[in-house]
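Per-entry structural report
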Amino acid sequence: MLTVSGLTTEFRTRVSGVRAIEDISFDVPQGVAVGLVGETGSGKSVTIRSILGLLPATGKVIGGSAEFDGVDLIRANRSQLRSIRGRRIGFVAQNPFGSLNPILSIEKQFANVIRAHRTMSKADVRAVALERLESVQVRGPERVLRGYAHELSGGMAQRVVIALAMLHDPPLVIADEPTTALDVTVQRQILDLIDGQISAGNRSLLLVTHDLGVVAQYCQRVVVMKSGSVVETGAVADVFGDPRHPYTKQLLAAVPPAPWSRAAKEVTGA
Amino acid sequence: MTTLVAPEARRSWAKRHPALRYALVRVAIVPISLFVLGSVSFVLVFFIPGNPAVTILGDFATPEQVARVNAQLGLDQPLWDRYLTYWSHLLQGDLGTSFFTNEPVLSDIGKFLPNTIELILLSLLIAVGLGLLIGVTGAYFARRWPDRLLGGVTSALQSVPDFFLALVGIYVFFFLLGWAPAPIGRLPIDAGTDHPPFLIFGSLFRGDFSTFGAALGHAALPVLALGLVYSAYFAKTARGSMGTALTTPQVEFARACGLRERTVVRYAFLASRTTVITYIAILFGSLLGGASIVERVFNWRGMGQWALEGVLKVDVPVIQGFVITAGLMTLTLFLLLDLVVLALDPRVSYE
Amino acid sequence: MSERASEPSVPSLMELTDIRQVFRRGGKEVHAVNGVSLSVGAGETVAVIGESGSGKSTLGRIALGLITPSAGTVTFDGTALGSLSKAALRGIRSRMQVVFQEPYESLNPRIRVGDIVEEPLIIHRPGMSKAERRTKVMAMLERVGLSPEHAERYPRNLSGGQQQRIGIARAVITEPELVVLDEPTSSLDVSVRARVLDLLRDLQREHGNSYIFISHDLATVGLISDRVAVMYLGQIVEQGPTAEVLGNPKHPYTRALLSATLSTVVGEKREHVPLRGEIPNPSSAPVACVLSGRCPIEIDECSTGPVAPRRVADRHDVACLRVDRVDDLIAVGEPE
Amino acid sequence: MSETLTTRRASLRLFVRANPGIAVGGGMLALMLLAAFFAPLPYGPTTPDPASVLQEPSGTHIFGTDANGFDVFSRVIAAGQRDLPLALIGTLASLILGLLIGLPLSTKSPWSERLMRALDAFQSFPLIVLSVTIVSLTGNNIQNIVYAIVIINGPRFIRLIRGEALSIRDGRFIEAAIATGARPRRIVFRHVMPNVVDVCLVQCSLTAANAVIVIAALNFLGVGVSPPDPTWGSMVQVGAQGISTGQWWVAIWPGVAIFIAIASLNILANGIQRRVEGS
């Protein structure tokens, strides 16, 4: 589905270039959820932004390719890229309030995303938007549609973002830490929602996260990154069950044991 | 029964429409500001050293002459009386008469203010149009060559005083090339200085195209001088706010959804709209006085030039009249600004 | 007050009694903290757990005397903070310190690391000579795992973990009896997080100080705390010894928080305790159980009035009418 | 000895490469100041030569002469002695005013908010006209132009310093300092002040640029001028009469000097801004 190979990106500073990621390669097969994990500065964000052509002005991909649908996204021209983004690849960002336009009504934003890829009457836009909002379990979709982003709670806003990202039923969804900005008790709802949407359409998911638990429970494959390089790739069960790279081992060891297991041990021991 | 219900209903109304309530409060403040403005302009006179009568009559006036003029001006009255008289005149729309020309200040303002407003509006048109173009283009091509080039242009324009740019314009376009008319007013010298207010807009509206053309030709240089210099300030603001807006996650998400670049830029512009509109209001305010020197260079006969000449001669009623008019205009402008911002941004909720 | 808040098993150092904090925001009253009582024993670590908006950080600032509560008293080592003059309060600050969540933001970017760590000594140890202070600073830097050369650097030239070590060094250099840790590891990566927690534990072992550990992460709390208080909407809904609360949680909200932590063991999917909707604004004084409206097992009685805590086990208090039926939660299906 | 010199030279080169704006802007400014005070002038700037009036630029008078027979080149250079220090003093005065008023007002109390609104109202007023009034009333000499510069730029400093200090006071490290037990005075001087330096530096060079414009504008209007002392603004004014009849050199050369002075200050401001953002 998506094949990334040898991806290398540099950031220009005043004096020289700084390599942010180097020689990144991995696959996202059809119908598979891939977790891209790493700590701060490991280059997860730069990797997906290189793939989607969303690097800031100072960043530049200097090597490698990202093959999707038979098109190399790195070398694709602007209009090719535009017709893929949103239609063939959906993107869910970290902070829902950052993602939504604060000044346009939610309905207008649905209309813009729909009309980016097909023509549709105003009534149809409304019908599609309502249906989509219902499918992501937004309560009171009519009211939400009429309203603005700031009137929503964090979880609801992220549901709206997911609905927008999946409006055109893209076969691949890239999610960048989609629950980090949300309250703890809401995070799993959103993960379950994304998971449900992905498996319902037999889609692929590239899930960027720093939470190994999320990868263990929601992904089938994992790519571990460290300071701009991939250190380990494989099936989640294999990598987490028997990590090969010392960094992966270290990462897994650093995760505190689940609170219930430790506490339960102490209770029974006492 | 109804009297019991009414306050409750009103409170809930205010709760449901905080924006409307804010707007009403904002409008209600205006009379207070006006009172402060009027009083400030009265007090201003006491900071002026010396005796206005001496200023009028010259240093060699006899004490009797001074006393007579003082009585004429009402300056022999107690302060409190003068303050009340001042307000009663002001409320009747009487701003006094010039010490030197004996013209009623109000009629002077009626004559000169429209000229200034035309100059400011046309200059703003250039400044905003060009400034937005430069700023948005620069922000879009951030840190690439168009941005660097336009940044250089902006810095250069910002480094020229408007009156100097006007002089260079006169030399090049009037003296060397002969494209522009002589800098002697709003119309050719044989048309005299008596013309209806709002010369350009008025003649266009009436369909008097020969006057319109002549007036526009005379306006070209002053408008360009002001418009170019102020466009630099505008470009800098637009570049800054658009530059920030274009790097927000919101714009990234819009791109990731496959929106056209045109729509993406529009998203960013929506986000920086308030800054841009605020800056237009600020520029209008500063042009009100800032245009005065250029007006003088072109003998534009605008309010700025009139006030400047009044100031240089210590013509107290003229200074007061200018303070009140300019204050009134900026007050109105900022009121409008606040209301426009309120109407444009769904997030603004004033509590 | 026979049913007093769950008490420590050691002599008490800090006593928070019926703390209330009301902010006025846009003409509305916001009850950030709503009748919280908590005591911290000497040498003890008490964790305050909650989501953003639960009032836990406000509670931490009240404990430090950075905010004066609208009602209730804070007693530190027998002295009520409210009775102290400004100068006396400043003086007592050498005995209670704070470490914030954002390591970089809590360090002045214009001051060298060595001077940052030295500042509490300048303020609280006027008798100390410059040389003595420097020696102590260097020793402290080494103690938190940094080298003397770091003293000459500015905060921005350090990693997040190193910055947080500076924050900790500044907090403990006057050997305070109480340190409030406001999400000290939340913004750190997991590998760094573990080492910072180790450091905090070691320091406590050496100095015997108390911690109030504010966090939203139950897994971290399980590693470091002796007792846990779970906060929701300005109230403590459950508190008790860590092993009790995490191993035998009785409040639906605690269960929901626990189920939000995902295991890294593939296939070990814990039950999901879903709450409806999201944490509301704490805008009005409670007329019901704080969780009513979101709780999957609520009954009509839950919305008739505030729910007082009840003792369910040794030093384990829970504010829930449905304590007996909390195990039903697992049976409740997917959200909404 | 020579070794330290070469290392110093090398570090200077490094600084110039990393901060081209500061180097170019600062260099140009220094050059102008040096020229104004120390350059040997071909003619006395205030000694007219009645024999050569309104002469075009030539080998003898490279910038030409004006209607009074003054050598334009000598006057343009010498005018820097008045314009530039005055601009810098005005900037310094505005900065001090901004610190004195802005820092104490950096609270969220309703009073300081109200004062800021009043300041907004004051700023939206045509200040150039006000400053002409004030300079002509306080005694029409060039030193009093400092008042004009402060009236126009002081409010900007107050607003800037207050806003910056307010956001710094909101910062975590201030809360940390309070929690450490620092006194209010220590917080202002040790924690707030050092953090407003950056924005003040940028604003200072922008203000100096604006001050050059203000001085030129007032002198152009004949305010604050004591003939025959040269200032750029009054030279432009003298030349303005000849501009429509083709005697461009009298007005253009001092105008170019104004342009270069302002441009170098703007370049300097941009350079400082870059450096501040980069750090």
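The model shown is predicted, which means the values in this text are computed figures rather than measured ones.

To continue, consider the interface of chain C and chain A. On the chain A side, the residues contacting the 42 residues of chain C number 39 residues. Interface of chain C and chain A: buried area, both sides summed, is about 3,600 Å²; carbon and sulfur atoms make up 59% of it. Among the residues chain C hides against chain A, the three largest losses belong to Leu262, Thr264 and Glu278 of chain C. Together they make up 19% of the total. Counting the contacts that link chain C with chain A gives zero salt bridges. Where chain C packs against chain A, one counts 15 residue pairs in polar contact (both at pLDDT 80 or more). Among the elements of the structure, helix H6 (190–207), helix H7 (218–224), helix H8 (242–247) and helix H9 (252–260) of chain C are those that each provide at least two residues to the side of chain C that touches chain A. The element that contributes the greatest number of residues to the side of chain C that touches chain A is H9 of chain C, accounting for six residues. Of the residues that constitute the side of chain C that touches chain A, the class distribution is 17 nonpolar, 13 polar and twelve charged.

Now for the interface of chain A and chain B. Each partner contributes residues to the interface: chain A has 29 residues there, and chain B has 25 residues. Interface area, chain A with chain B, both sides summed: about 2,500 Å², of which 61% is carbon and sulfur. Scanning the region where chain A abuts chain B turns up one salt bridge. A salt bridge links glutamate 252 of chain B to arginine 49 of chain A, with the shortest nitrogen-to-oxygen separation between them at 2.5 Å. Linking chain A with chain B are ten residue pairs in polar contact (both at pLDDT 80 or more), by the criterion used here. Of all the secondary structure elements, the ones that give two or more residues to the side of chain A that touches chain B are helix H2 (78–84), strand S6 (89–92), helix H3 (96–99), helix H4 (106–115) and helix H7 (154–165) of chain A. When residues of the side of chain A that touches chain B are assigned to their parent elements, the largest contribution, four residues, is made by H4 of chain A. Across the side of chain A that touches chain B, the residue classes tally to 14 nonpolar, nine polar and six charged.

All names here are of chain B. Domain boundaries assigned for chain B yield domain 1 (50–94) and domain 2 (105–344). In this structure, domain 1 and domain 2 have C-alpha centres spaced 38 Å apart. Across the contact, four residues belong to domain 1 and five residues belong to domain 2. At the boundary of domain 1 with domain 2, total buried surface from both sides reaches about 330 Å², with 70% on carbon and sulfur atoms. Looking only at domain 1, the three residues that lose the most surface to domain 2 are Thr55, Tyr86 and Gly93, adding up to 76% of its buried area.

Quick notes on the rules
- Residues numbered from 1 in each chain as written.
- Chains lettered and ligands numbered in written order.
- Predicted model: local features only at pLDDT ≥ 70, side-chain atom pairs only at ≥ 80, totals over all residues.
- Heavy atoms only, no water.
- Contact = heavy atoms within 4.5 Å.
- Buried area = accessible area lost by both parts, 1.4 Å probe.
- Salt bridge = Lys/Arg side-chain N within 4 Å of Asp/Glu carboxyl O.
- Polar contact = N/O pair within 3.5 Å; in protein donor to acceptor, adjacent residues only side chain to side chain.
- Helix = DSSP H or I, 4+ residues; strand = E, 2+ residues; numbered from the N terminus.
- Nonpolar A, V, L, I, M, F, W, Y, C, P; charged D, E, K, R; others polar.
- Domains from an automatic or database assignment.

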